[in-house]
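Close look at the chain arrangement
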Amino acid sequence: MDRSFLLKSVAIKDPVQTLSDQFHNHVWQTVARKTAELETFNALKLSNDYNNGDDEDGPSNGRGVPPPLSMTSSELTNLRSLADGKALPSQTRALQTIAALRNKNEQLSQDIEKTIQISKEKEADARERALEALRKQEEERKRVEEQARLKREQDDAAARDRAETERRDAELREQAADKERADSEIRKAAKAAGSVSPKAWEAAVTYAEKLKEYEEVVKPSLKKNEAVMDWLSNRKRLVRKRVGQLTAEHEKIMEISNALSEALSESSGQSDQHYIWLMKKVSKQMILQAEKEVSVKIDMADPLATICITLMKAHSRFLDYLLASMQERCIYVVPRYIRRIQGQSDFSYFTSLGFHPRYPSCLQRGGAPNDDEDCGHEGCVQWEDEARYLERMCGIVALYSAITHSSVAGNPHGLKHGWSWLARICNMDPRKATPLLVRTFLEVSGQTLVRVYGNQGVKLVRSIYAMKMPANSFRETFRLHEYLKEKLGILNKNP
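Residues numbered from 1 in each chain as written. Predicted model: local features only at pLDDT ≥ 70, side-chain atom pairs only at ≥ 80, totals over all residues. Heavy atoms only, no water.

Moving on, we get to the overall build of the protein. Scanning the protein from terminus to terminus reveals 16 helices and two strands. Of the contacts made within the protein by residues no fewer than 6 positions apart, 70% connect residues no fewer than 24 positions apart. (Helix = DSSP H or I, 4+ residues; strand = E, 2+ residues; numbered from the N terminus. Contact = heavy atoms within 4.5 Å.)

Written out as structure tokens, the structure is:
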């Protein structure tokens, strides 16, 4: 249907309303005219100017009086009634006709509106169908493109997997070859070192690599940034202060453990190198505390071990750096003995054993001793005495023993490692330091070993008692035997 026609039809004025308005205007004009005539007639009649003769069609006095009204009073009344809206019989039919026309016009308007609404709905439905068709077309296009993309990604992933598999296989072959070469070197080094087990030497090599990474990569990289070193130095002072506050009280131990763990967590949030640096410093501070305090008061080994284990549980990598630092300052943690190579200088040999050099006369040091740095002048060195050296070594061994036998839940380096250490040192040719080291280890964890391992523990301790120690360690051998008899009571136990 032509919508322009419909719109034009709606704009046409209602013809019935127009006709009704014209009719009422005409009636009112007629009433007004007749009313004026009637009023003139009445005025003349009252003034006796009108002739009351029989002739009703005109005046009889000859004065130009107007003729009587052309309408009777009843007709005038009808006109007034019509003007007042009171319909006459003849008018009722006209009004009914007008009402019918009006109703018909309203129905026509409604039909037109309904037709327009239907047309709009049809157009909206057509647009919706067109949009739905476009949407489905777009979805189909995207689906095809997505399938093509997934196919390309699958092909690329398959190619990468093949390349990665080939690379990994090549790496595994290379690692197998490297391991074989390393095992061969470890066996040679173990033989040269003096009866140390290959597994112990392999562990020593692993820890040495950790230290090498720290010295050659981490430390030089961090030193380039002064702000970073200031931040790390502040954490280092915090660590030294906290460890120095250690007591045997459980609350103090947990307070220090939490403070150190929080400092390590904070450093890990900076970078991995920050984390490694601080783990190394915390490890060193633990060992220095063992050298200083545990060496003279062995009961302090357990509180210090509790802190170490707490940090190991919270920071799994801390164990490697703790053991690496222990090995760095005490060769007996592995354990291993260092054999002097022919032609090796005193300086090289004693530093490999872990003796601390001093340089009291070195001009480059201003005459001040220094325990941590090497000026390189072998002629300036003065070594610490053997008693102090063994005292420090025993402090570190006591800490290691306390870690292995600690009852802290979730200990990642438990009693089996203590058993391995004792078995390894018993399978090595004894040296002067052997009885002192073994007695120190057993003083901390000997009773736990015998209780847990039962007959096997008794057999191991008896084998220690039967070991032939060097003649120059007579005093320490005697003290070891007395400890085995009195504290462990092995002579009263049947294996």
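Moving on, we come to the pattern of salt bridges. Summed over the entire model, instances satisfying the criterion amount to 27 salt bridges. Close ionic contact of Arg-149 with Glu-146 constitutes a salt bridge, the shortest N to O distance being 2.3 Å. Taken together, the positions of Arg-149 and Glu-146, both in helix α4 (residues 89-193) and three residues apart, correspond to about one turn of that helix. Judged by its relative accessible area of 30%, Arg-149 is partly exposed. The shortest N-O distance in the salt bridge between Lys-485 and Glu-482 comes to 3.4 Å. You can see Lys-485 and its partner Glu-482 sitting in helix α16 (residues 474-488), three residues apart, about one turn around the helix. According to the relative accessible area criterion, Lys-485 is partly exposed, its value standing at 31%. Here the salt bridges do not stand alone but share partners, grouping Glu-291, Arg-329, Glu-384 and Arg-392 into one network. (Salt bridge = Lys/Arg side-chain N within 4 Å of Asp/Glu carboxyl O. Buried < 20%, exposed > 50% of the residue type's maximum accessible area, 1.4 Å probe, protein only.)

In the contact formed by helix α7 (residues 250-270) and helix α8 (residues 272-294), the axes pass within 7 Å of each other and the chain directions differ by 155°. Regarding the angle of α7 to α8, the classification is roughly antiparallel. Contacts between α7 and α8 involve Leu-260, Ala-263, Leu-264, Ser-267, Ser-268 and Gln-270 from the former and His-274, Tyr-275, Leu-278, Met-279, Val-282 and Met-286 from the latter. For the contact of α7 with α8, the per-class residue count stands at eight nonpolar, four polar and no charged. (Axes fitted to C-alpha atoms, helices over the stretch in contact; angles between N-to-C directions. Parallel < 35°, antiparallel > 145°, perpendicular 65-115°, else oblique. Nonpolar A, V, L, I, M, F, W, Y, C, P; charged D, E, K, R; others polar.)

Attention now moves to helix α14 (residues 434-453). Compared with an ideal rise of 1.5 Å per residue, which puts 20 residues at 28 Å, α14 spans 22 Å between its outermost C-alpha atoms and falls more than 12% short. Most pronounced at Ser-445, the bend in α14 amounts to some 70°. For α14, the tally of buried residues reaches 15 of 20 residues, placing the bulk of the element in the interior. (Expected span 1.5 Å × (residues − 1). Bend = angle between axes of the 7 residues up to and from the residue.)

Looking now at the environment of Gly-410. Mapped onto the elements, Gly-410 comes out in the loop between α12 (386-405) and α13 (415-426). Assessed through its relative accessible area of 58%, Gly-410 is described here as exposed. With 100 residues separating them along the chain, Gly-410 and Thr-310 place their C-alpha atoms 9.2 Å apart.

Further remarks concern the packing of aromatic side chains. All chains considered together, the criterion is met by seven aromatic pairs. With 5.3 Å between their ring centres and 85° between their planes, Phe-350 and Phe-355 make a pair best called edge-to-face. A relative accessible area of 11% means that Phe-355 is categorised as buried. Aromatic side chains Trp-419 and Tyr-453 sit 4.3 Å apart centroid to centroid with 25° between the ring planes, which places their arrangement in the stacked category. Of the two residues, Trp-419 is situated in helix α13 and Tyr-453 in helix α14; the sequence distance between them amounts to 34 residues. Accessibility expressed as a relative area gives 27% for Tyr-453, which makes it partly exposed. Of the aromatic side chains, those joined through ring pairs into one cluster are Phe-347, Tyr-349, Phe-350, Phe-355, Trp-383 and Tyr-389. (Phe/Tyr/Trp six-rings, centres within 6.5 Å; stacked < 30°, edge-to-face > 60°.)

Within the protein, residue pLDDT values average 79, and 73% of them lie at 70 or more. The weakest mean pLDDT in the protein belongs to helix α1 (residues 3-11) at 45; the strongest belongs to helix α9 (residues 301-314) at 94. The model gives residues 1-12 a pLDDT under 50, and that stretch makes eleven contacts with residues more than four places away or in other chains. Taken together, the stretch residues 363-374 has pLDDT below 50 and engages in 20 contacts with residues farther than four places along the chain or on a different chain. (pLDDT = per-residue confidence, 0-100.)

What follows covers the nonpolar core. Met-286, Met-326, Tyr-332, Ile-403 and Leu-422 are the most contacted members of the largest nonpolar core, which has 88 residues in total. Broken down by element, this core gets its largest block of residues, eleven residues, from α12. In this structure Met-286 touches Val-243, Leu-260, Leu-304, Ile-307, Cys-308, Leu-311, Leu-322 and Leu-399, once residues within four positions along its chain are discounted. (Core = buried A, V, L, I, M, F, W, Y, C linked by side-chain atoms within 4.5 Å.)

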